[in-house]
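Spelled out from the first residue to the last, the chains are:
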Amino acid sequence: MEDKDHIINRLGEDRHKYYNAVSPPIIQSSNFAASSVEDMRKMFSDEAGSHLYTRGNNPTVEILRKKVAALEHTEDALIFSSGSAAIANAVISQVSQGDHIVCVKNPYSWTIKLLENFLSRFGVTHTYVDGTNLEEMRAAFQENTKVLFLESPNTFYFGIQDLSSCAAIAKEFGAVSMIDNSYCSPIFQNPADHGVDIVIHSGTKYINGHSDVVVGIVCASNKIISQIFHGEYMTLGAIISPSDAALVIRGLRTLALRMQRINDTSIEVFEAIKNHKAIRQIFFPFDPSFPQYEIAKKQMTGTGGLFTIIFETEDKEALEKMIQKLNLFLIAVSWGGHESLMFPSICLHDIPGKETPPFDWRVIRFSIGLESPKILINNLLAAFDVL
Ligand SMILES: *Cc1c(COP(=O)(O)O)cnc(C)c1O
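Quick caveat: nothing in here was measured; it's all calculated off a predicted structure.

Basis of the calculations
Residues numbered from 1 in each chain as written. Predicted model: local features only at pLDDT ≥ 70, side-chain atom pairs only at ≥ 80, totals over all residues. Heavy atoms only, no water. Helix = DSSP H or I, 4+ residues; strand = E, 2+ residues; numbered from the N terminus. Expected span 1.5 Å × (residues − 1). Bend = angle between axes of the 7 residues up to and from the residue. Buried < 20%, exposed > 50% of the residue type's maximum accessible area, 1.4 Å probe, protein only. Contact = heavy atoms within 4.5 Å. Near = heavy atom within 4 Å. Polar contact = N/O pair within 3.5 Å; in protein donor to acceptor, adjacent residues only side chain to side chain. Areas by Shrake-Rupley, 256 points an atom, 1.4 Å probe, with all protein chains shown as cover. Nonpolar A, V, L, I, M, F, W, Y, C, P; charged D, E, K, R; others polar. Pairing = 2+ DSSP bridges. Salt bridge = Lys/Arg side-chain N within 4 Å of Asp/Glu carboxyl O. Phe/Tyr/Trp six-rings, centres within 6.5 Å; stacked < 30°, edge-to-face > 60°. Lys NZ or Arg CZ within 6 Å of the ring centre and 35° of its normal. Core = buried A, V, L, I, M, F, W, Y, C linked by side-chain atoms within 4.5 Å.

A. Looking closely at helix H9 (residues 222–236). Taking 1.5 Å as the rise per residue, H9 with 15 residues should run 21 Å; its terminal C-alpha atoms sit 20 Å apart, in good agreement. Of all bends in H9, the biggest is about 45°, found at phenylalanine 229. Those residues of H9 that sit buried are Ile224, Ile225, Ile228, Phe229, Glu232, Tyr233 and Met234. The secondary structure elements touched by the buried residues of H9 are strand E1 (76–80), helix H4 (83–92), strand E6 (198–202) and strand E7 (216–220). Immediately downstream of H9, the backbone of glycine 237 shows phi near 65°, a positive value.

B. Quick look at the site of the ligand. Around the ligand there are 13 residues in total, and Gly83, Ser84, Asp180, Thr204 and Lys205 lie nearest to it. A distance of 2.8 Å is found between an oxygen atom of the ligand and a backbone nitrogen or oxygen belonging to glycine 83. In isolation the ligand has 380 Å² of accessible area, and contact with the protein removes 90% of it. Ranked by residues supplied to the shell around the ligand, first place goes to H4 with 3 residues. For the shell around the ligand, a count of residues per class yields 5 nonpolar, 6 polar and 2 charged.

C. Geometry of the sheet that holds strand E8 (residues 279–283). The strand order E8-E9-E12-E11-E10 describes an open sheet built from 5 strands, whose pairing is mixed. The sheet terminates laterally at E8 and strand E10 (330–331), the two strands that pair on one side only. Where strand E9 (residues 306–311) meets strand E12 (residues 363–367), 5 bridges bridge the pair, whose relative direction is antiparallel. Residue isoleucine 309 lies in a different strand from E12, and its bridge partner there is isoleucine 364.

D. Main features of unusual backbone geometry. Residues serine 152 and proline 153 are joined by a peptide bond in cis, for which omega reads -10°. Along the chain, the position of proline 153 falls in the loop between strand E4 (145–151) and helix H7 (163–172). In this structure, phenylalanine 158 is a non-glycine residue whose phi angle is positive, near 65°. By the secondary structure assignment, phenylalanine 158 is in the loop between E4 and H7. Take phenylalanine 158: its relative accessible area is 0%, and that puts it in the buried class. Here serine 211, not a glycine, exhibits a phi torsion of approximately 55°, which is positive. For serine 211, a relative accessible area of 46% corresponds to the partly exposed category.

E. Inspection of the pairing of E12 at higher detail. Counting buried positions along E12 yields 5 of 5 residues, so the element is predominantly enclosed. Going residue by residue along E12, you find Val363, Arg365 and Ser367 tucked away on one face and Ile364 and Phe366 tucked away on the opposite face as well.

F. Local environment of the pattern of salt bridges. Here the structure, examined in full by the defined rule, presents 17 salt bridges. Between lysine 67 and glutamate 13 there is a salt bridge whose closest N-O contact spans 2.6 Å. Note that lysine 67 is positioned in helix H3 (residues 59–71) and glutamate 13 in the loop between helix H1 (2–9) and helix H2 (37–45), a separation of 54 residues in sequence. Neither residue differs from the other here; lysine 67 and glutamate 13 are each classed as buried.

G. Region of interest: the packing of aromatic side chains. All told, the structure shown has 16 aromatic pairs when counted by the stated rule. Taking 5.3 Å as the distance between ring centres and 70° as the angle between the ring planes, the aromatic pair formed by phenylalanine 311 and phenylalanine 384 counts as edge-to-face. With phenylalanine 311 in strand E9 and phenylalanine 384 in helix H14 (residues 373–384), this pair connects stretches of sequence that are 73 residues apart. Members of the aromatic cluster, connected to one another through ring pairs, are Phe156, Tyr157, Phe283, Phe343 and Phe359. The residue whose ring lies beneath arginine 121 is phenylalanine 118, and the NZ or CZ to ring-centre distance is 5.5 Å.

H. Summary view of the nonpolar core. Residues Leu150, Phe307, Ile309, Phe311, Met322, Phe366 and Phe384 are the most contacted members of the largest nonpolar core, which totals 88 residues. Ranked by residue count, the leading element in this core is helix H11 (residues 255–273), at 7 residues. For phenylalanine 384, the contacting residues outside a window of four places in its chain are Ile273, His276, Ala278, Ile279, Ile309, Phe311 and Met322. Of all hydrophobic cores here, the second largest spans 31 residues; its members include Val95, Ile228, Tyr233 and Met234.

I. Representation of the environment of isoleucine 217. With respect to the element layout, isoleucine 217 can be found in strand E7. Note on isoleucine 217: relative accessible area 0%, which makes it buried. Residues isoleucine 217 and arginine 65, 152 residues apart in the sequence, show an inter-C-alpha distance of 8.4 Å. Residues contacting isoleucine 217, with those up to four places away along its chain left out, are Val68, Leu78, Ile79, Ala86, Val199, Ile200, His201, Gly203 and Ile207.

Function-wise, these values are silent; they only describe arrangement.
See the structure below:
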């Protein structure tokens, strides 16, 4: 923890450069002047490390880069304008026409669209695999496989992959392994320690944690980050603004505290509700009866605050009544903020002109926020009694 405290509070902050301000300034400038021809030559020779132009490297954004890279135990990081941009930039950086990707089944919805609707247009193919079956994963690799894409835990049913084994398989085939690590945040899981090459976050969730910024992060070695920087990052230009970066730095200050609180509250809430009659099935990675509990405990030093429930009911109206009673849980997409949320699948059903989605209407995903566990438990139990 001490190491993380140092990263969160000190690393990357050269306060003597800005009047010893405790909080770093927002350097709201698109470009930076050189003091001489020689100086500008130096800036051009290392655009990722100097301050030349804000699409490349802005001093406020750079503080965030250094902190998240250190938190993920990687050499460097790049900050993007969204988690989806981070995923797209990382994946695209490793493939060319004719290449192939092995990806775990049911990743984040826009990762699916990247593979199925976007990369397919450029001749990049993919195979989905069951992330719990290493033989199936190994068998899916082809001569042209360049990427193994992991997401562990998944953020709906919490499927987990054995990170060390998966990273080793990718290495065996000369492919780059990458993971969407949004659920755990760098506080509870560091995939680079298991040999995963690229660690990606939707920082919109826990890292920023205040539901006020959309941000994405890619952490990797100097070699990979330099490749992405000079390629996709500068070309596609999906950068974060300096003022948003300052908000994310502020969010990071409490990341370790928030994650500990969310871990503790989620376990307490889970234990209090898990046996309620209204629940047909509940999914939570730190449930001792979760099929992958052992590997979850081995790889993750704590849990995020998501759990998914399939309710025991045949009555849509009663379910909607129950949802109305859950007044401490905002009905919303996304997760990872200070406030508790729920995403009921039933919201995707019966939309005029839309096809019925593949999710059962009895499914609700909950995201635990920073409220006191007691009031959340009371609200959940009272609402469940409606069913
Ligand atoms: C939200 C999310 C993303 C996308 O992040 P944005 O910041 O919304 O673009 C990617 N992966 C997971 C697991 C997410 O929950």
